[in-house]
Amino acid sequence: MTDTPDRDARHKARMERKKAVVDAAIAAATDTRGVLLVNTGNGKGKSSAAFGVLARAIGHGMKVGVVQFVKGRSDTGEEAFFRRQPEVEWHVMGDGFTWDTQDRSADIASARAGWEQARRFLADPAIGLVVLDELNIVLKYGYLEVAEVIADLQARPAMQHVIVTGRGAPEALVEAADTVTDMGVVKHAFKAGIAAQAGLEF
């Protein structure tokens, strides 16, 4: 496509209008406090997105606490990497996928133990970011009370950020959150028979 002076002028005018809108929105956002983010939906990348923010937080010198619900494996690349960072405290509190454990009472006990660790993070103002990986699954199956979880989240230190991941986020948590991302599926390699691979899925 050939650029012309007229097209360049229209583009410049459009970007000037856009900049004015963006600058006004930035100027209006004056509140500074801890944010509750929820990554949900059936698409891939909910935990990966949370760990990307974790890396960002470390880069700014923040201390981070991670609690993984449901997930039981301790050989993931993200855990191996982030455990080497002195700013990160990481706890794998699950026993594996619910279709593997097939033991609701044990899953509930693991969820309760995980939440006790989460509450310790949520009570510590020195922790700048808390990642509660797959907490939505625990809530979806009723292993923890949604109201109790939300109350603890809302009682956290004022400047502490929290990211909750997992499919099926309950509506009450969505309402309580500041930012919610619903990740959808367009295509997934697994559906084509491609196995989960180290460095990509774990």
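Check the entry above for the structure.
First, a word on scope: everything that follows refers to the structure included in this document. (Residues numbered from 1 in each chain as written. Predicted model: local features only at pLDDT ≥ 70, side-chain atom pairs only at ≥ 80, totals over all residues. Heavy atoms only, no water.)

Attention now moves to the packing of helix H5 (residues 104–122) against helix H7 (residues 146–154). Remark: H5 packs on H7, axes separated minimally by 10 Å, with the N-to-C direction vectors making an angle of 20 degrees. Our classification of the angle between H5 and H7 gives roughly parallel. By crossing handedness, the relation of H5 to H7 is classed as left-handed. Between H5 and H7, the residues in contact are Arg112, Trp115, Arg119 and Leu122 and Glu148, Val149, Asp152 and Leu153, respectively. (Axes fitted to C-alpha atoms, helices over the stretch in contact; angles between N-to-C directions. Helix = DSSP H or I, 4+ residues; strand = E, 2+ residues; numbered from the N terminus. Parallel < 35°, antiparallel > 145°, perpendicular 65-115°, else oblique. Left-handed = near helix turned anticlockwise from the far one by under 90°. Contact = heavy atoms within 4.5 Å.)

Turning to the sheet that holds strand S4 (residues 127–133), a few remarks are in order. Strands in a sheet are paired, the pairing made by backbone hydrogen bonds, and the direction either parallel or antiparallel. Read across the sheet, six strands follow the order S3-S2-S4-S5-S1-S6 without closing on themselves; strand pairing throughout is parallel. Looking along the sheet, the strands with just one partner apiece sit at the ends: strand S3 (88–92) and strand S6 (179–182). The sheet shows a mean angle of 10 degrees between the axes of neighbouring strands, direction not considered. Of the pairings in the sheet, the one linking strand S2 (residues 63–68) to S4 comprises six bridges and is parallel in character. The residue bridging Gly65 from the neighbouring strand is Val130, located in S4. Sheet contacts for helix H2 (residues 46–59): strand S1 (36–40), S2, S3, S4 and strand S5 (161–165); angle to S4, the most-contacted strand, approximately 165 degrees. (Pairing = 2+ DSSP bridges.)

The next subject is the environment of Ala196. Mapped onto the fold, Ala196 is located in the segment after S6. If near-sequence neighbours (up to four positions away) are discounted, Ala196 is found in contact with Glu201 and Phe202.

Time to look at H5. Compared with an ideal rise of 1.5 Å per residue, which puts 19 residues at 27 Å, H5 spans 26 Å between its outermost C-alpha atoms and is within 8% of the ideal. All of the buried residues in H5 are Asp107, Ser110, Ala111, Gly114, Trp115, Gln117, Ala118, Phe121 and Leu122. One face of H5 carries all of its buried residues, which in axial projection span an arc of 165 degrees. Turned more than 90 degrees away from the buried face of H5 sit Ser105 and Arg120, all of them exposed. (Expected span 1.5 Å × (residues − 1). Buried < 20%, exposed > 50% of the residue type's maximum accessible area, 1.4 Å probe, protein only. Arc of directions from axis to C-beta.)

Now for the pairing of S4. Walk down a regular strand and you will see the side chains alternate between the two sheet faces. The element S4 is largely enclosed, with a buried count of seven among its seven residues. In the sheet, S4 pairs with S5 via four bridges, with the strands oriented parallel. Each bridged residue has a counterpart across the sheet, and for Val130 the counterpart in S5 is Val162.

Taken as a whole, this structure holds six aromatic pairs when the rule is applied. By the ring-pair criterion, three or more aromatic residues cluster together here, those being Phe51, Phe81, Phe82 and Trp90. (Phe/Tyr/Trp six-rings, centres within 6.5 Å; stacked < 30°, edge-to-face > 60°.)

Here we come to the nonpolar core. Core analysis: the largest hydrophobic core is formed by 28 residues, its most contacted members being Phe69, Trp115, Leu132, Leu135, Leu144 and Leu153. Those elements that provide at least two residues to this core are S1, H5, S4, helix H6 (135–140), H7 and S5. Take this core: its biggest share by element is five residues, from H5. Core analysis: the second largest hydrophobic core is formed by 13 residues, Ala57, Val64, Trp90 and Val131 among them. (Core = buried A, V, L, I, M, F, W, Y, C linked by side-chain atoms within 4.5 Å.)

Read these as layout, nothing more, since geometry by itself doesn't imply function.
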